[in-house]
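Letter by letter, the chains look like this.
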Amino acid sequence: MKGNFKNIKVIGFDADDTLWVNETYFRDAEQEFAKLLSQFETPNKIDQELFKMEMKNLPLYGYGVKGFVLSMVEMALELSNHTVSSKTIEKILDIGKDMINKPVELLDDVEHVLKRLFGRYKLILATKGDLLDQERKLEKSGLIDYFHHIEVLSEKESINYSKLLKHLEINPSEFLMIGNSLKSDILPLVNIGALAAHVPFHTTWQHETVSDSSAANVDYLTLNSIKDILEYLDE
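We now turn to the structure provided with this report.

### Brief notes about unusual backbone geometry
And step 1. Residues other than glycine seldom take positive phi values, yet Asp 17 does so here, at roughly 70°.
And step 2. In this model, Glu 169 sits at a positive phi of 60°, which is unusual for a non-glycine residue.
And step 3. Residue placement: Glu 169 occurs in the loop between helix H7 (158-168) and strand S4 (175-179).
And step 4. Of the residues examined, Glu 169 reaches a relative accessible area of 72% and is grouped as exposed.

Rendered as C-alpha cells:
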C-alpha cells in the first residue's frame, strides 16, 4: 500500500461489525420477521421486499434499528393488504426492542488494538446510524474512554469524510480509517487521499456490497484481523 503511516494523526474506526457484532442481529431479525408473515409470502420474497422498503425509507429514516423496525411495520401492512393483526405488529416492535437491548459482543482483539493506539493517536468513532443507539452501544462496550468523540455521519461518502477532516483540521494523508465495509469505510477515503484498512466481517448487508470492479486497482489495506494494523503503525 502506498501512503505513509508515519504521517497519521487521527484514526477513525467504524463501529458495527468492526468493533462489535451487529449485522448478525439484523439477519436474525429478518428471519423472525419472515416467520411472522409466513402466511402471506415466502421467506425469500419477504426478504426481498423488506430490503426494497428499507431502501425506499433510507432518505426518510436514515440507518439503524428504528428505521428498520418502521420498514418492517410498513412491509407487514403492505404484504397483508392491511389485514395484519395488532398482535403481529406488537411482535415486530418487540423484535426491534430486542435488537436494541442486545449485549455488545466485542470482536477479537479490538480492545487490545485500542489500548496500543490510545495516547499515540486521536481515536474517533466514525459511524452511520442512530446517535442514541450508537452511544448506548459504545457505553455498553466498555470502550468509550479510548475515543476522543463519536462522529455520526448521515452517509459515508467522500464529501462527508472531507467535511469531517476539515472539522478535525487535518490533511487526508494524516487520517486512517478502519472498517468492514468497502463501500462506506474504504473507497470514499481512498478517493480523497486518506489511508484505509479493510477488516472483512463474515456478513455484509446487501446495501454495503460493491462490485469487484469498483474495488479493483484501489490502494488500500486488507487485514485478516484488526490487530494486523499494528504491524503498520508500530513501525
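Next comes the rest of the account.
### Comments concerning the pairing of strand S2 (residues 122-127)
On a regular strand, one side chain projects to one face of the sheet and the next to the other, so that they alternate.
And step 1. Of all six residues making up S2, five are buried, and the element is well covered by its neighbours.
And step 2. Bridging between strand S1 (residues 10-13) and S2 involves four bridges; their strand directions are parallel. Within S2, the residue paired with Val 10 across the bridge is Lys 122.
And step 3. For S2 and strand S3 (residues 149-152), the ladder comprises four bridges, and the chain directions are parallel. Residue pairing across strands places Ala 126 opposite Glu 151, the latter belonging to S3.
And step 4. The parallel pair S2 and S3 is bridged by helix H6 (residues 131-141), and the resulting crossover is right-handed.

### What about the side chain of Asn 160?
And step 1. Structurally, Asn 160 can be placed in helix H7.
And step 2. Relative accessible area serves as the criterion here: at 16%, Asn 160 is assigned to the buried category.
And step 3. Not counting chain neighbours up to four residues away, the residues in contact with Asn 160 comprise Leu 153, Ser 154 and Glu 155.

### Examining the packing of helix H2 (residues 43-61) against helix H3 (residues 65-79)
And step 1. The contact between H2 and H3 brings their axes to 9 Å, and the two run at 125°. It follows that H2 is oblique to H3 by the angle criterion. Handedness of the crossing formed by H2 with H3: right-handed. Residue-level inspection shows Ile 46, Glu 49, Leu 50, Met 53, Glu 54, Lys 56, Asn 57 and Tyr 61 of H2 in contact with H3, the latter providing Gly 67, Phe 68, Leu 70, Ser 71, Met 72, Glu 74, Met 75, Glu 78 and Leu 79.
And step 2. Broken down by class, the residue content of the contact of H2 with H3 amounts to nine nonpolar, three polar and five charged.

### Topic: a nonpolar patch on the surface
And step 1. Taken together, the side chains of Leu 60, Tyr 61 and Leu 70 present a nonpolar region at the surface, about 300 Å² in accessible area.
And step 2. Among the structural elements, Leu 60 can be located in helix H2.

Quick notes on the rules
- Residues numbered from 1 in each chain as written.
- Predicted model: local features only at pLDDT ≥ 70, side-chain atom pairs only at ≥ 80, totals over all residues.
- Heavy atoms only, no water.
- Helix = DSSP H or I, 4+ residues; strand = E, 2+ residues; numbered from the N terminus.
- Buried < 20%, exposed > 50% of the residue type's maximum accessible area, 1.4 Å probe, protein only.
- Pairing = 2+ DSSP bridges.
- Right-handed = clockwise from strand over helix to strand, strands pointing away.
- Contact = heavy atoms within 4.5 Å.
- Axes fitted to C-alpha atoms, helices over the stretch in contact; angles between N-to-C directions.
- Parallel < 35°, antiparallel > 145°, perpendicular 65-115°, else oblique.
- Left-handed = near helix turned anticlockwise from the far one by under 90°.
- Nonpolar A, V, L, I, M, F, W, Y, C, P; charged D, E, K, R; others polar.
- Patch = residues over 30% accessible without salt bridge, like charges linked within 9 Å, V, L, I, M, F, W, Y side chains within 5 Å.
- Areas by Shrake-Rupley, 256 points an atom, 1.4 Å probe, with all protein chains shown as cover.
- Salt bridge = Lys/Arg side-chain N within 4 Å of Asp/Glu carboxyl O.

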